[in-house]
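# Per-entry structural report
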Amino acid sequence: MADQFDVVVIGGGPAGYVAAIRCAQLGLNTACVDQWINTRSKPVLGGTCLNVGCIPSKSLLESSERFTQAQHELADHGIKVSGIKLDLSVMQARKERVVQDLTQGIEQLFKANGVTWVQGRAQLQAGKQITVRQTGKKTIRNLVAGHIILAPGSSPIQLGSVPLQGDTVVDSSGALEFREVPKRLGIIGAGVIGLELGSVWQRLGAEKVTLLEAQDTFLPFADEQLAKDAQRIFTKQGLDIQLGSRVTACTVKGKKVELSYQNGDGEHQAQFDKLIVAVGRHANTHGLAADEAGLLLDEWGFIHVDEQCLTNLPGVYAVGDAVRGPMLAHKGSEEGVMAAELIAGHVAHVNYDTVPSVIYTHPEIAWVGETEQALRAGGIDYRSGVFPFAASGRARALGDTGGFVKLLADAKTDRLLGAHMIGPQCSELIAEAVIAMQLGGSAEDIALTMFAHPALSESVHEAALAIHGRAIHIAPGKGTLLN
Ligand code: NAD
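All values reported here derive from a predicted model rather than from experimental measurement.

Moving on to the environment of Met 450. Positionally, Met 450 belongs in the loop between α11 (443–447) and α12 (458–467). A C-alpha to C-alpha distance of 8.2 Å links Met 450 and His 461, two positions 11 residues apart in sequence.

Turning to the environment of Lys 58, a few remarks are in order. You can see Lys 58 is positioned in helix α3 (residues 54–73). Residue classification places Lys 58 among the partly exposed positions, given a relative accessible area of 24%. Between the C-alpha atom of Lys 58 and that of Leu 328, which follows or precedes it by 270 residues, the distance is 15 Å. In terms of polar contacts, Lys 58 uses its side chain to reach the side chain of Glu 196, at 2.9 Å.

What follows concerns the packing of aromatic side chains. Throughout the structure, instances matching the rule amount to 3 aromatic pairs. With a centroid separation of 5.2 Å and 50° between ring planes, the pair formed by Phe 178 and Trp 201 is classed as tilted. Taken together, the positions of Phe 178 in the loop between β7 (169–170) and β8 (184–188) and Trp 201 in helix α5 (residues 192–203) put the pair 23 residues apart, joining distant regions of the chain. Accessibility assignment for this pair places Phe 178 and Trp 201 in one class, buried. Ring geometry for Phe 221 against Trp 367: centres 5.9 Å apart, planes inclined by 35°, an arrangement best described as tilted. Within this pair, whereas Phe 221 is found in the loop between β9 (208–212) and α6 (224–237), its partner Trp 367 is found in strand β18 (residues 364–369), the two being separated by 146 residues in sequence. Residue classification places Phe 221 among the partly exposed residues on the basis of a relative accessible area of 44%. Residue class for Trp 367 comes out buried when judged on its relative accessible area of 9%.

The next point concerns the site of the ligand. In the vicinity of the ligand there are 20 residues, among which Ile 193, Glu 196, Glu 213, Gly 280 and Val 358 approach most closely. A distance of 3.2 Å separates an oxygen atom of the ligand from a polar backbone atom of Val 192. In terms of residue count, the dominant contributor to the shell around the ligand is α5 (3 residues). The residue inventory of the shell around the ligand, partitioned by class, reads 12 nonpolar, 5 polar and 3 charged.

Turning our eyes to something else, we now look at the sheet that holds strand β14 (residues 274–277). Across the sheet, which stays open at both edges, the 5 strands sit in the order β7-β14-β8-β9-β10 with parallel pairing between neighbours. On the outer flanks of this sheet lie β7 and β10 (239–242), each paired with one strand and no other. Direction of pairing for β8 relative to β14: parallel, over a ladder of 4 bridges. Looking at β14, one finds that Leu 185 is bridged to Lys 274. In the packing of α5 onto the sheet, contacts are made with β8, β9, β10 and β14, and the angle to β9 comes to roughly 170°.

Here the focus is the sheet that holds strand β12 (residues 256–263). Read from one edge of the open sheet, 3 strands run β11-β12-β13, paired in antiparallel fashion. On the outer flanks of this sheet lie β11 (246–253) and β13 (266–272), each paired with one strand and no other. Within this sheet the neighbouring strands show an average axis-to-axis angle of 15°, counted without direction. Sheet analysis places β12 next to β13, joined by 7 bridges and oriented antiparallel. Counterpart to Glu 258 in the pairing with β13 is Gln 271.

Attention now moves to the packing of α3 against helix α4 (residues 88–113). Between α3 and α4, the least distance of the axes is 9 Å, while the angle of their chain directions is 140°. As judged from the angle between their axes, α3 and α4 are oblique. Crossing handedness for the pair α3 and α4: right-handed. Here Ile 55, Pro 56, Ser 59, Leu 60, Ser 63 and Ser 64 of α3 lie close against α4, whose contacting residues are Met 91, Gln 92, Arg 94, Lys 95, Val 98, Val 99 and Leu 102. Class assignment of the residues belonging to the contact of α3 with α4 gives a composition of 7 nonpolar, 4 polar and 2 charged.

Rules and cut-offs
Residues numbered from 1 in each chain as written. Predicted model: local features only at pLDDT ≥ 70, side-chain atom pairs only at ≥ 80, totals over all residues. Heavy atoms only, no water. Helix = DSSP H or I, 4+ residues; strand = E, 2+ residues; numbered from the N terminus. Buried < 20%, exposed > 50% of the residue type's maximum accessible area, 1.4 Å probe, protein only. Polar contact = N/O pair within 3.5 Å; in protein donor to acceptor, adjacent residues only side chain to side chain. Phe/Tyr/Trp six-rings, centres within 6.5 Å; stacked < 30°, edge-to-face > 60°. Near = heavy atom within 4 Å. Nonpolar A, V, L, I, M, F, W, Y, C, P; charged D, E, K, R; others polar. Pairing = 2+ DSSP bridges. Contact = heavy atoms within 4.5 Å. Axes fitted to C-alpha atoms, helices over the stretch in contact; angles between N-to-C directions. Parallel < 35°, antiparallel > 145°, perpendicular 65-115°, else oblique. Left-handed = near helix turned anticlockwise from the far one by under 90°.

See below:
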């Protein structure tokens, strides 16, 4: 006999678990099926983000940043410390505690909201039926739902020429588990994961971190000025970023990785102690639906959905990494909320024009909306206002003065079209621009807003003032660019 639910969510990551909680809040009898088993062989919720993605990587980024500060920056504040040592096992144990607390937190939230957690691998069948191969059991559990939300997430793409090997050639999950700091670290892919994980291991003492990137442009999806500044800063920090580089062969000899790659300068060989493959992710849609279910996928394996995340099957929604758009936890969560609200009969939508992107390096990189190059290509008249953190009192007091805030506004209407920033706490600062854009705000709206002093957020204010040539803390004309 099948268990009946109003909604069954497949996937317990940030898209799925948020969808399940919102469904329960709306009074729907909801189950969430997830197959994740953690390194301690325990079923856990939270998916990639909580278990092997955003949360553990941010834990290590924070710890490694403190290690760098203790080594190189505290002396400048007149704080003398000596005998600084890295205890990587304590750092890793802290990371695991952070992850455990958060995944258990979701379990508690499920209990508090009355969401049924079904542990196992789900497959969508025809007629809104779902079969679950239950974790640790040989039995299949049958579920039937009024509505279904598919949130299966994504997995690292593997390269045929670079097979993963134990703890030597690893993907992004393995790169969070190193038990010693590699002396020479190679990373294939200078994208978000490559940069974040490269930063962690460089700060913890790797002598050389080399990023081999196939494309000729660094961070091609980011604003050109932002990407240029980021490349300059990371190179100065010691990251060896090799653009236009294609790996042709990889062999593991003992504990060393030997890599052959080609770029504009010809053929090269390199040896590493560890190699991370970070070349993007693919949707987890293989085997998600039985053929008879008739779920439509696109040519890249993403689930085909409309603006409201409805698939080709009535009553079946799909959200998160497995559908079009950026693979970002917050984008998936908002889609999950939208699907839940639509199922409950509410009006709901996601504003895809205001999805923030953040790269958690130091300095942090963040943006929302249109880039300058996209506005130019679209023939849109815009004004740009730039404010450097070097002119911010708070950034000076922090000793963190690299980078800038840039705002872009429509030249005719003054409506905010984009924000691009690199510098201290930009992951937080970007929210100001997101809110302004979400509310349809203009550069003048931000210019007329009062910001606390001294705060990094004043840089957003000054960038808005600069759009109209009236920034106070930079020389006239320095922050304004008319297209
Ligand atoms: P990515 O797409 O950001 O970067 C992958 C890079 O690898 C690209 O620059 C690509 O050109 C390069 N590449 C691909 N094949 C290659 C090859 N054969 N040789 C050399 N380079 C090659 O993907 P990612 O860094 O793996 O991250 C995966 C996803 O996870 C992304 O969508 C990302 O947005 C998301 N993510 C987000 C965050 C965050 O929001 N801070 C953090 C981690 C991951």
